[in-house]
Amino acid sequence: MSTILISGAGRGLGLELARQYAADGWRVIGTVRDKKDAPAGVEAHVADVTRPEQIQKVAKTLKGTALDVVFCNAGIIGKRGSALGSFDYASWEELLRVNVLGAAAVAEAFADHVAASKRKVIAMMSSRLGSIAESSGMTLPYATSKAALNMLVKGLAANLAGKQVIVVALSPGWVRTDMGGAGAQLGPEDSVAGLRKVIAGLKIEDSGRFISYDGTSIPW
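A. Summary view of the environment of Asn-73. Note that Asn-73 resides in the loop between strand E4 (69–72) and helix H3 (89–115). Separated by 133 residues in the primary sequence, Asn-73 and Asp-206 have C-alpha atoms spaced 19 Å apart. Each residue touching Asn-73, except ones within four places of it in the same chain, is listed here: Ile-6, Ser-7, Gly-8, Leu-13, Gly-14, Leu-17 and Met-125. Reaching out from Asn-73, the side chain makes a polar contact with the backbone oxygen of Gly-8 at a distance of 3.0 Å.

So this is what it looks like as structure tokens:
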């Protein structure tokens, strides 16, 4: 049986990832911030990604467990304003703590668990808004957090190459979730189905890539 760990498995795309992988027969382990958010069929661990000691505690609990996929999914969008004069620096700092440092904490804690598995994949939930090449200035604080996350992916891909671990940044598209809003183009089911197809087809030479849910490459 293959095993996946998903951070932020209690809602949004994390919840749909957990649902689909569980339905496909995977062992699904998830982190949630509150036990009441634990989805059915998921081995839930209460941990906040902004508290590295909590993530390390989960890693110790799972010592000896090979994780085929670790999906660093937990994230927030923060305040949406991008106009000069409207920056909320406290919100921006929180975005970086959750979206970048939180993902780093998860990857660091579980890198050896992934290296011990057959599939050896660390996937990070990025966003097309994190593409520097395609930047339009929209949602600037969120976009900068995802651009930084993409750099984390490139660096981890280099650092873990010797262990044959594949590290990728994945964009889910514009999805109808609390974060994406009701006007988004994609349903969570279709986005996650695409992400799963991408993950299933990954090869070691894909490590360090920025890939859309539809399998196309996104420029950095």
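B. A look at the packing of aromatic side chains. All chains considered together, the criterion is met by five aromatic pairs. Taking 5.0 Å as the distance between ring centres and 80° as the angle between the ring planes, the aromatic pair formed by Phe-87 and Trp-92 counts as edge-to-face. Taken together, the ring pairs in this structure connect Phe-87, Tyr-89 and Trp-92 into an aromatic cluster.

C. Here's a closer look at the side chain of Ser-117. When you line up the elements, Ser-117 lands in the loop between H3 and strand E5 (121–125). There is a polar contact of 3.1 Å between the side chain of Ser-117 and the backbone oxygen of Leu-67. Discounting residues that sit within four places of it in the chain, Ser-117 has contacts with Ala-66, Leu-67 and Asp-68.

D. Quick peek at the nonpolar core. Among the nonpolar cores identified, the biggest contains 37 residues, and Leu-5, Val-70, Val-106, Phe-110, Ile-122, Met-124 and Val-167 are the most heavily contacted of them. Breaking this core down by element, the ones donating at least two residues are helix H2 (52–61), E4, H3, E5, helix H4 (140–159) and strand E6 (166–171). Here this core takes 10 residues from H3, the largest share from any one element. Setting aside anything within four residues of it in sequence, one finds Leu-5 in contact with Ile-29, Leu-62, Leu-67, Val-69, Val-70, Phe-71, Val-106 and Phe-110. If you look at the next biggest cluster of nonpolar residues, it comprises 26 residues, including Leu-17, Tyr-21, Ala-123 and Ile-211.

E. Region of interest: the environment of Ala-104. Tracing the sequence through the fold places Ala-104 in helix H3. In this structure the C-alpha to C-alpha distance between Ala-104 and Ser-212, which are 108 residues apart in sequence, comes to 21 Å.

F. Examining the sheet that holds strand E1 (residues 3–7) more closely. The strand order across the open sheet built from seven strands is E3-E2-E1-E4-E5-E6-E7, with neighbouring strands paired in parallel fashion. Every other strand in the sheet has two partners, leaving strand E3 (43–46) and strand E7 (210–212) as the edge strands with one partner each. Direction aside, the axes of adjacent strands within the sheet are offset by 20° on average. Strand direction decides the pairing type here: E5 and E6, joined by five bridges, are parallel. Note on E6: the bridge partner recorded for Val-121 is Ile-166.

Cut-offs and rules
- Numbers given to residues run from 1 along each chain, matching the order in which its sequence is written.
- Reporting in this predicted model follows two pLDDT cut-offs: at least 70 for local features of residues, and 80 or more for side-chain atom pairs to be given and counted; totals over whole chains, interfaces and linings ignore these cut-offs and use all residues.
- For side-chain calculations, the full set of non-hydrogen atoms in the structure is used, while hydrogens and water are omitted.
- Helical segments are the DSSP runs of H or I of at least four residues, strand segments are the runs of E of at least two, and each set is numbered from the N terminus.
- Any two residues having at least one pair of non-hydrogen atoms within 4.5 Å are treated as being in contact.
- The term polar contact refers here to a pair of N or O atoms within 3.5 Å; inside protein, the definition further demands a hydrogen-donor-capable atom paired with an acceptor-capable atom, and it admits residues adjacent in sequence only when both atoms are side-chain atoms.
- Within 6.5 Å between ring centres, the rings of Phe, Tyr and Trp (the latter by its six-membered ring) count as paired, and their orientation is classed by plane angle as stacked under 30 degrees, edge-to-face over 60, tilted in between.
- The criterion is simple. A nonpolar core is a set of buried Ala, Val, Leu, Ile, Met, Phe, Trp, Tyr and Cys residues joined through side-chain atoms within 4.5 Å.
- When accessible area is computed with a 1.4 Å probe and restricted to protein chains, residues below 20% of their type maximum are described as buried, those above 50% as exposed, and intermediate ones as partly exposed.
- Strand pairing is assigned whenever DSSP detects at least two bridges linking the two strands.
- Note on definitions: angles span 0 to 180 degrees between N-to-C directions of axes, and those axes are lines fitted to C-alpha atoms, for helices only across the stretch in contact.

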